[in-house]
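# Reading the structure
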Amino acid sequence: LVIRYICNLNQSDIMSAIDILRGKGLKKSAQRIAIISILLDKQIPLTESNIKEEMGDMYDRVTFYRTIQTLLENNIIHRITIDNVTVKYALNNSQNHSHIHFYCKICHSVTCFEDIPLQEYHLPENFEQEECEVLIKGICNKCKAANTKV
């Protein structure tokens with residue numbers, strides 16, 4: 001596959017990406033395979049800029065956003081909004097799409113805590129929850145360990 005050489009991805013991530021798309025009944029476009037493969041390879045939430053860097057010459061802004069929207073709509077990935085400017089994308093690795101995200105203020109990493117479910121909020125009458133996002137900001141374990149060694 002051309003994707004493998006352009007994005008420097010390994011064959012197993014490409015095959016896993018194809019399996020994910022097949023499982024959702026989606027066409028296997030080069031952009032979809034590349035984005036899923038990159039997220040599989042890195043195993044952390046990535047910004048558009050991170051993904052663009054990995055895609056190299058394959059990156060096209062309009063196609064990127066169309067592809068991201070399709071992957072979001074089909075619950076293959078989820079969007080993590082850090083602030084009004086920074087957005088990261090991560091694979092949905094479990095059935096639990098409602099989970100907590102942790103943002104490190106030092107290294108700017110984002111971690112999905114899929115084993116920690118969101119609490120249930122009891123909204124007033126005639127309010128209907130459709131989505132809930134929880135972002136905890138603080139210092140991650142790696143940065144905390146590095147700071148205690150100083």
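Refer to the structure printed above.
This section reports on the structure supplied with the text. Keep in mind that this is a model prediction, so the values were computed, not measured.

### Focus on the nonpolar core
Ranked by internal contacts, the top residues of the largest apolar core, which has 24 residues, are Ile-35, Ile-36, Ile-51, Met-55, Ile-76 and Ile-77. Listing elements by their share of this core, those giving two or more residues are α2 (11–23), α3 (30–42), α4 (48–55), α5 (61–73) and β3 (87–91). The element contributing the most residues to this core is α3, with seven residues. Setting aside chain neighbours within four positions, we find Ile-77 in contact with Leu-39, Ile-68, Leu-71, Leu-72, Tyr-89, Ala-90, Leu-91 and Asn-92. Counting residues in hydrophobic clusters, the runner-up holds five residues, among them Ile-80, Ile-82, Tyr-103 and Val-110.

### Describing the sheet that holds strand β5 (residues 110–117)
The strand order β5-β4-β6 describes an open sheet built from three strands, whose pairing is mixed. The open sheet terminates on both sides in strands that have one partner only, identified here as β5 and β6 (134–138). For this sheet, the mean inter-axis angle between neighbouring strands, taken without regard to orientation, is 30°. The sheet contact formed by strand β4 (residues 99–104) and β6 spans five bridges and is parallel. Note that in β6 the partner of Phe-102 across the bridge is Ile-136.

### Observations concerning the packing of α3 against α5
Two numbers describe how α3 lies on α5: the axes approach to 10 Å, and their chain directions differ by 70°. In terms of their interaxial angle, α3 and α5 are classed as roughly perpendicular. For the pair α3 and α5, the crossing hand works out as right-handed. In this structure, α3 contributes Gln-31, Arg-32, Ile-35 and Ile-36 to the contact, and α5 contributes Thr-63, Phe-64, Thr-67, Ile-68, Thr-70 and Leu-71. Of the residues assigned to the contact of α3 with α5, the class counts are five nonpolar, four polar and one charged.

Conventions we followed
Residues numbered from 1 in each chain as written. Predicted model: local features only at pLDDT ≥ 70, side-chain atom pairs only at ≥ 80, totals over all residues. Heavy atoms only, no water. Core = buried A, V, L, I, M, F, W, Y, C linked by side-chain atoms within 4.5 Å. Buried < 20%, exposed > 50% of the residue type's maximum accessible area, 1.4 Å probe, protein only. Helix = DSSP H or I, 4+ residues; strand = E, 2+ residues; numbered from the N terminus. Contact = heavy atoms within 4.5 Å. Pairing = 2+ DSSP bridges. Axes fitted to C-alpha atoms, helices over the stretch in contact; angles between N-to-C directions. Parallel < 35°, antiparallel > 145°, perpendicular 65-115°, else oblique. Left-handed = near helix turned anticlockwise from the far one by under 90°. Nonpolar A, V, L, I, M, F, W, Y, C, P; charged D, E, K, R; others polar.

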